[in-house]
Amino acid sequence: LAGTGIAARLIGDQGFTLVAMPVKGHARDSGEMSPSVRRFQSYSATLQRAMRNALCRFGETAPGAYRVLAQVWIGPSGATERAELLTSSGDAGRDAMLAASFRGLALGSLPPVDLPQPVTLLITSEDAAGGYCAARQPPGHGHEARR
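Since the structure is predicted, the reported quantities are computational estimates derived from the model, not experimental observations.

A. Structural detail: the overall build of the protein chain. Tallying secondary structure elements over the protein chain gives two helices and five strands in all. When the helices and strands of the protein chain are listed from N to C terminus, the series reads β-β-α-β-β-α-β. Taken over 147 residues, the protein chain has a buried fraction of 32%. Within the protein chain, contacts between residues at least 6 apart in sequence are counted, and of these 60% link residues at least 24 apart.

B. Structural view of the pairing of strand 3 (residues 68-74). Burial runs high along strand 3: seven of the seven residues are buried. Residues Val68, Ala70, Val72 and Ile74 of strand 3 are buried on one face, and the alternating residues Leu69, Gln71 and Trp73, pointing to the opposite face, are buried as well. When strand 3 meets strand 5 (residues 119-123), the two strands line up antiparallel, connected through five bridges. Bridging from a neighbouring strand, Ala70 pairs with Leu121 of strand 5. For strand 3 and strand 4 (residues 80-85), the ladder comprises five bridges, and the chain directions are antiparallel. Paired with Ile74 across the bridge in strand 4 is Thr80. What sits between strand 3 and strand 4 in their antiparallel hairpin is a turn of five residues, with Gly78 showing a positive phi close to 95 degrees.

C. Local environment of the sheet that holds strand 3. The sheet built from three strands is open, its strands ordered 4-3-5 with antiparallel pairing. The open sheet has two edge strands with one neighbour each: strand 4 and strand 5. Averaged over all adjacent pairs, the angle separating strand axes in this sheet is 25 degrees, with direction ignored.

D. Broad picture of the packing of aromatic side chains. Enumeration according to the criterion identifies zero aromatic pairs in this entry. Across from the ring centre of Trp73, 3.9 Å away, lies the NZ or CZ of Arg82, which sits over that ring.

E. Quick peek at the state of the cysteines. Using the criterion set out here, one finds one disulfide in the structure. Covalent S-S linkage joins Cys56 and Cys133, the inter-sulfur distance amounting to 2.0 Å. Judged by the torsion about the S-S bond (-85 degrees), the Cys56/Cys133 disulfide is left-handed. You can see Cys56 sitting in the loop between helix 1 (35-55) and strand 3 and its partner Cys133 sitting in the segment after strand 5, a full 77 residues away along the chain. The exposure class assigned to Cys56 is buried, which follows from its relative accessible area of 3%. By relative accessible area, which is 26% here, Cys133 ends up partly exposed.

F. Up close: the environment of Ser101. The residue Ser101 is located in helix 2 (residues 92-102) in this model. A polar side-chain atom of Ser101 sits 2.8 Å from the main-chain carbonyl oxygen of Met97.

Calculation notes
Residues numbered from 1 in each chain as written. Predicted model: local features only at pLDDT ≥ 70, side-chain atom pairs only at ≥ 80, totals over all residues. Heavy atoms only, no water. Helix = DSSP H or I, 4+ residues; strand = E, 2+ residues; numbered from the N terminus. Buried < 20%, exposed > 50% of the residue type's maximum accessible area, 1.4 Å probe, protein only. Contact = heavy atoms within 4.5 Å. Pairing = 2+ DSSP bridges. Axes fitted to C-alpha atoms, helices over the stretch in contact; angles between N-to-C directions. Phe/Tyr/Trp six-rings, centres within 6.5 Å; stacked < 30°, edge-to-face > 60°. Lys NZ or Arg CZ within 6 Å of the ring centre and 35° of its normal. Disulfide = S-S within 2.5 Å. Polar contact = N/O pair within 3.5 Å; in protein donor to acceptor, adjacent residues only side chain to side chain.

Here it is in structure tokens:
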């Protein structure tokens, strides 16, 4: 990767992801958002809300004791058309439920035309902190969580 402007960042003990290296004096170096991050920030929030609702629908898929890396492809209608887990949660049954939860998920708004695809998601136990599932949409706006 030397000289490419890209660096590898570890994702726990399950792998790594590639990220752009900060440029001295550039917006990223000063803590400001890059134009591409800013451009997709609103849609990212929409995607995160939909994923929270999908993850919190069942106790088995609620973030907590697992970590997975997944990719989703979002169609022009605003629904996920394809989803794949890149890593396992350590439980084949939960993996199947996660993949099924991400497929055909209606996100509630149309994706930006230039949204890079697939979208890569990292689900970690950190998401379980602070009432993550309690912050999902209220009943009547999504699926009820199973206990």
